[in-house]
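Reading the structure
Next come the chains, spelled out residue by residue.
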Amino acid sequence: MKIFVTGVNGFIGSHFLEMALAKTDWEIQGFDLSDSNIKQFLANPRFQMKTGDIFKEEDWLYEQIKQCDVLLPLIGIARPAYYIEKPFWTFELDFEQNLKLVKKCAEYGKRVIFPSTSEVYGIPDPNNNIMDEDKSNLTLGPISQSRWIYSCSKQMMDRVIFALGQERGLKFSLFRPFNWVGPRLDSFKEAAEHKGRTITQFIYDVLYTGKITLVNGGMQRRSFTWVGDGVEALIAIINNKDNQAEGQIFNIGNPANNYSIKEMAQIVVDEMKKFPCFREKAEKVEFVIENSDSYYGKNYADVQDRLPSVKKLEERLGWKPKTTLQDAIYYTLQWYEKELNK
């Protein structure tokens, strides 16, 4: 099987590439702006890489879709700091650029595995925070809150893909990651600009600022998922045993790892104390509370809790998450220990 992966250098893309080369016989064609995260795989005969800009390589992209069996389009904006600052760019990248590729999949008879997001669920029903792929309503906030353009763009792609499946026979599966964490989630440069996501931001803050900022007190809860568990689920979806993934939406999350941001920050600090190179700074770190308006800007909005149902993925493909948040953070810190000592 030949997989065409756009965004292969990103967080999910680089981990998918690593596991797919190790555990499958797939041939992979990658595309991204850079190959900084995947240089160790460039010599692999089953991997080909092209660096370029998705806005400028239309003809080449279409040709790769013709030649592949499966498209995995991972290019997109997934950081709150970015889709709050640049909402229109988020729409252009997450919706417009992916739409043209998905339409070509329908035209050429190719299968697409599209990365939706837990954000499409929007604001959960206060009486039911469990997100079900086929039953939960998708309720978004007001237009003045820029956060929701990311969710809206992804949700519209989900609906377009379903429509293309209905009208033009597009073969597809959708997956919704719930707060995947691990190495390469964000760079320390992004964290220095307050643009990192939780775990990267907190590790950076311990090492370089001495203060962990809890936006609005950190009472928001999330269901954190080790990226290795998530990629195993993604590979199972692509394998599509007995056609059980065809035309389906799958949450990929870990309900057992449902913690508040404040609790997660404390786990990061506790795990950092286990490493001699991090211990001193972890023991001295302070926790401070900051209002979301001053941290992100006035167009920010937040969600208090989302808990994924993963029953469908277990029943159809036999997948269950297995890594605790403590272990996920420890594995991530092991990676940072090696990187910072290079």
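Relevant structure appears above.
Residues numbered from 1 in each chain as written. Predicted model: local features only at pLDDT ≥ 70, side-chain atom pairs only at ≥ 80, totals over all residues. Heavy atoms only, no water.

**Some details on the overall build of the protein chain**
The following threshold applies: Secondary structure elements follow DSSP: runs of H or I no shorter than four residues count as helices, runs of E no shorter than two count as strands, and numbering proceeds from the N terminus. Radius of gyration here is computed from C-alpha atoms only, and the compact-globule reference equals 2.2 Å multiplied by the residue count raised to the power 0.38. Each residue is assigned to one of three classes by its accessible area relative to the maximum for its type, calculated with a 1.4 Å probe on protein chains only: buried under 20%, partly exposed between the two thresholds, exposed over 50%. Should any heavy atoms of two residues lie within 4.5 Å, those residues are considered in contact. Where accessible areas are quoted, they stem from the Shrake-Rupley method and a 1.4 Å probe; at the residue level, only the protein chains shown are allowed to cover. Charge convention: Lys and Arg are scored as positive, Asp and Glu as negative, and His as well as the terminal groups of each chain are ignored. Just so you know, the charge point we use is NZ for Lys, CZ for Arg, CG for Asp and CD for Glu.
On a plain count of helices and strands, the protein chain comes out with 13 helices and 15 strands. Taken over the C-alpha trace, the protein chain has a radius of gyration of 20 Å; the compact-globule value for 342 residues is 20 Å, and the two agree within 12%. Principal-axis analysis of the C-alpha atoms gives the protein chain an extent of 55 × 50 × 40 Å. When the 342 residues of the protein chain are sorted by exposure, 56% land in the buried category. Here the analysis covers contacts within the protein chain between residues at least 6 apart in sequence; of these, 76% occur between residues at least 24 apart. Surface exposure of the protein chain reaches about 15200 Å², of which carbon and sulfur atoms provide 47%. Averaging the coordinates of the 44 positive side-chain charges in the protein chain and doing the same for the 46 negative ones gives two points 1 Å apart.

**Considering unusual backbone geometry**
Residue Asn179 is not a glycine yet carries a positive backbone phi of 50 degrees. Note on placement: Asn179 falls in the loop between strand 7 (171-177) and strand 8 (180-181). On the basis of relative accessible area, Asn179 is assigned to the partly exposed category, the value being 28%.

**Remarks on the packing of aromatic side chains**
Test applied: Only the six-membered ring of Trp is used, alongside the rings of Phe and Tyr, when aromatic pairs are assigned; centres must lie within 6.5 Å, and planes under 30 degrees apart are stacked while those over 60 apart are edge-to-face, with the rest tilted. Note on criteria: charge over ring means Lys NZ or Arg CZ within 6 Å of the ring centre, with the direction from the centre no more than 35 degrees off the ring normal.
Considering all chains together, one arrives at 16 aromatic pairs under this definition. With a centroid separation of 5.3 Å and 65 degrees between ring planes, the pair formed by Trp226 and Tyr331 is classed as edge-to-face. With a gap of 105 residues between them, Trp226 in strand 11 (residues 225-226) and Tyr331 in helix 13 (residues 325-340) connect regions that are remote in the sequence. Taking the relative accessible area as the measure of exposure, Tyr331 reaches 33% and is therefore partly exposed. Three or more aromatic residues joined by ring pairs form one cluster here, namely Phe188, Tyr204, Tyr208, Trp335 and Tyr336. The side chain of Lys86 reaches across the aromatic face of Trp89, ending 5.1 Å from its centre. The cationic tip of Arg147 hangs over the ring face of Trp148; the distance from NZ or CZ to the ring centre is 5.6 Å.

**A short note on the sheet that holds strand 7**
Using the following cut-off: The pairing criterion for strands is at least two bridges between them, as found by DSSP. Axis geometry follows a simple rule: fit a line to the C-alpha atoms, using only the stretch in contact for helices, then measure angles between N-to-C directions, giving values from 0 to 180 degrees.
The 7 strands lie next to each other as 3-2-1-4-5-7-12, forming an open sheet whose pairing is parallel. Only two strands of the sheet have a single neighbouring strand rather than two, namely strand 3 (47-51) and strand 12 (249-252). Ignoring strand direction, the axes of neighbouring strands in this sheet form an average angle of 15 degrees. Strand direction decides the pairing type here: strand 5 (residues 111-115) and strand 7, joined by 5 bridges, are parallel. Considered in strand 7, the bridge of Arg111 is made with Lys171.

**Comments concerning the pairing of strand 4 (residues 70-73)**
Here strand 4 shows two buried faces, one formed by Val70 and Leu72 and the other by Leu71 and Pro73. Examined bridge by bridge, strand 1 (residues 2-6) and strand 4 share 4 bridges and lie parallel to one another. By the bridge assignment, Ile3 is partnered in strand 4 with Val70. Bridge analysis of strand 4 against strand 5 gives 2 bridges, and the strand direction is parallel.

**Section: helix 13**
Definition in use: Given a helix with a known number of residues, its expected span is that number minus one, times 1.5 Å. This arc is taken over the directions from the axis of the helix to the C-beta atoms.
For helix 13, with 16 residues, the first-to-last C-alpha span of 22 Å sits near the 22 Å given by 1.5 Å per residue. Within helix 13, the full set of buried residues consists of Leu325, Ala328, Ile329, Thr332, Leu333 and Tyr336. On an axial view of helix 13, the arc spanned by its buried residues comes to 130 degrees, and they lie on one face.

**Side note on the environment of Ile161**
Inspection of the secondary structure assignment puts Ile161 in helix 5 (residues 148-168). The exposure class of Ile161 is buried, given its relative accessible area of 0%. When the C-alpha atoms of Ile161 and Pro87 are compared, they prove to be 22 Å apart, with 74 residues separating the residues in sequence. Those residues in contact with Ile161, other than ones at most four positions away along the chain, are Val102, Phe114, Leu170, Phe172 and Leu174.

**Quick look at the packing of helix 2 (residues 58-67) against helix 4 (residues 87-108)**
Note the cut-off: In this scheme, roughly parallel covers angles under 35 degrees and roughly antiparallel covers those over 145, while 65 to 115 is roughly perpendicular and the rest are oblique. Crossing handedness is defined as follows: a turn of the near helix away from the far one that is anticlockwise and smaller than a right angle gives a left-handed crossing, while the clockwise case is right-handed. Under the grouping applied here, Gly and all other residues not named as nonpolar or charged are polar, the nonpolar ones being Ala, Val, Leu, Ile, Met, Phe, Trp, Tyr, Cys and Pro and the charged ones Asp, Glu, Lys and Arg.
Packing of helix 2 against helix 4 leaves a shortest axis separation of 10 Å and a crossing angle of 40 degrees. One way to sum up the angle between helix 2 and helix 4 is to call them oblique. Pair helix 2 / helix 4 crosses with right-handed handedness. Along the contact surface, helix 2 presents Glu58, Leu61, Tyr62, Ile65 and Lys66, while helix 4 presents Lys100, Leu101, Lys104, Cys105 and Tyr108. Tallied by class, residues from the contact of helix 2 with helix 4 come to 6 nonpolar, no polar and 4 charged.

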